[in-house]
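Understanding the architecture of this molecule
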Amino acid sequence: MQIYFRPHINHQAETVFINEIVDHVLLQEPVCEIVYHNFPIPPEWLNSVVSRDDLIDALAADELLPANPRALCLEDLARCPDKIKVTPFPHRVSFDLVIVHGEEKYFFEFHEEPHRRLTVCRDSYVYAENGAEFVVQRRLQRLVRDVWRMQVAPNYTVVWFDWFAANGVREIPILKAGLREFYLPGNFSFSAFM
């Protein structure tokens, strides 16, 4: 078994989450290789696109994301191609933690408040299928990447910061197949969003 993650000194809550997952796995599998790098994204995953129109529809229908940042995302989407690629560069997108167990891979993301509040507004990029860059605010880039991860990762778990604060990792079956999301009732979730 291998566990891939790149420590982020500035992301304290994410670091606590990753450490708890690693400790939980090591209790069950004491012989485990820890790899302090991001798991290499399969290049073919970068060909997967997010539908601009589906994202517009989901944002327009959503009632849990804040109204102003949601409207700014819709403005950015109006300038984007109908099929959005997250990046043509495999090293520019990652998962917070990946566990490789035999032939199976399990992908994890820890979502902090900015994923729900759409607060980061610095310039970032999304791409057309032909590789053309489109400048968007980071809030939209993050949203596109979050939706993309749900589309491409076969065994994908999203854990929201407030759910984790209330429950820890004991309630998360670590090596379980499928798409799973752990969030508190009444809050935004990607499971309901798309």
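Below you will find a few notes about this structure. (Residues numbered from 1 in each chain as written. Predicted model: local features only at pLDDT ≥ 70, side-chain atom pairs only at ≥ 80, totals over all residues. Heavy atoms only, no water.)

Topic: the layout of surface pockets
One number sums up the size of the largest pocket: a volume of about 650 Å³. Taken together, 27 residues form the lining of the largest pocket, with H8, H11, D96, R138 and R142 sitting closest to its centre. For the lining of the largest pocket, the secondary-structure elements that each account for two or more residues are β6 (104–111), α4 (113–117), β7 (123–127) and α5 (138–152). In terms of residue count, α5 provides more of the lining of the largest pocket than any other element does, six residues in total. Among the residues forming the lining of the largest pocket, the class breakdown is five nonpolar, nine polar and 13 charged. (1 Å grid on protein atoms, 1.4 Å probe; cavity = no way out; pocket = protein on both sides within 12 Å on 5 of 7 lines; lining within 4 Å. Points joined across faces, edges and corners; volume = space filled by probe spheres on them. Helix = DSSP H or I, 4+ residues; strand = E, 2+ residues; numbered from the N terminus. Nonpolar A, V, L, I, M, F, W, Y, C, P; charged D, E, K, R; others polar.)

A short note on the pairing of strand β5 (residues 97–101)
Most of β5 sits inside the fold, with four of its five residues counted as buried. Sheet topology places strand β1 (residues 2–4) next to β5; three bridges connect them, and they run antiparallel. The partner of I3 across the bridge, within β5, is I99. Examined bridge by bridge, β5 and β6 share five bridges and lie antiparallel to one another. Looking across to β6, one finds that I99 is bridged to Y106. What sits between the antiparallel neighbours β5 and β6 is a turn of two residues, in which G102 has the positive phi angle 65°. (Buried < 20%, exposed > 50% of the residue type's maximum accessible area, 1.4 Å probe, protein only. Pairing = 2+ DSSP bridges.)

Remarks on the side chain of H111
Within the secondary structure, H111 sits in strand β6. Classification of H111 by relative accessible area gives buried; the value is 0%. Beyond its immediate sequence surroundings of up to four residues, H111 is in contact with D146, Y156, V158, V159, W160, F161 and F190. (Contact = heavy atoms within 4.5 Å.)

Comments concerning the environment of R70
Of note, R70 is situated in helix α3 (residues 67–78). Between the alpha carbons of R70 and D57 there is a distance of 12 Å; along the sequence they are 13 residues apart. In this view, R70 contacts L59, A60, D62, L65 and L118; residues no more than four positions away in its chain are not counted.

Some thoughts on the pattern of salt bridges
With the rule as written, the count across this model stands at six salt bridges. Of the charged contacts in the structure, one is a salt bridge between D162 and R116, with a shortest N-O distance of 2.9 Å. Of this pair, D162 sits in helix α6 (residues 161–167) while R116 sits in helix α4, placing them 46 residues apart in sequence. In this structure D162 comes out as buried when scored by relative accessible area, which is 15%. In this structure, the salt-bridge partner of R149 is D146, at a minimum N-O distance of 3.1 Å. In this pair, R149 and D146 both sit in helix α5, three residues apart, roughly one turn of the helix. Look at R149 and you get buried, because its relative accessible area is 8%. Judged by relative accessible area, which is 2%, D146 ranks as buried. Beyond isolated ion pairs, a larger network of salt bridges with shared partners links E109, D146 and R149. (Salt bridge = Lys/Arg side-chain N within 4 Å of Asp/Glu carboxyl O.)

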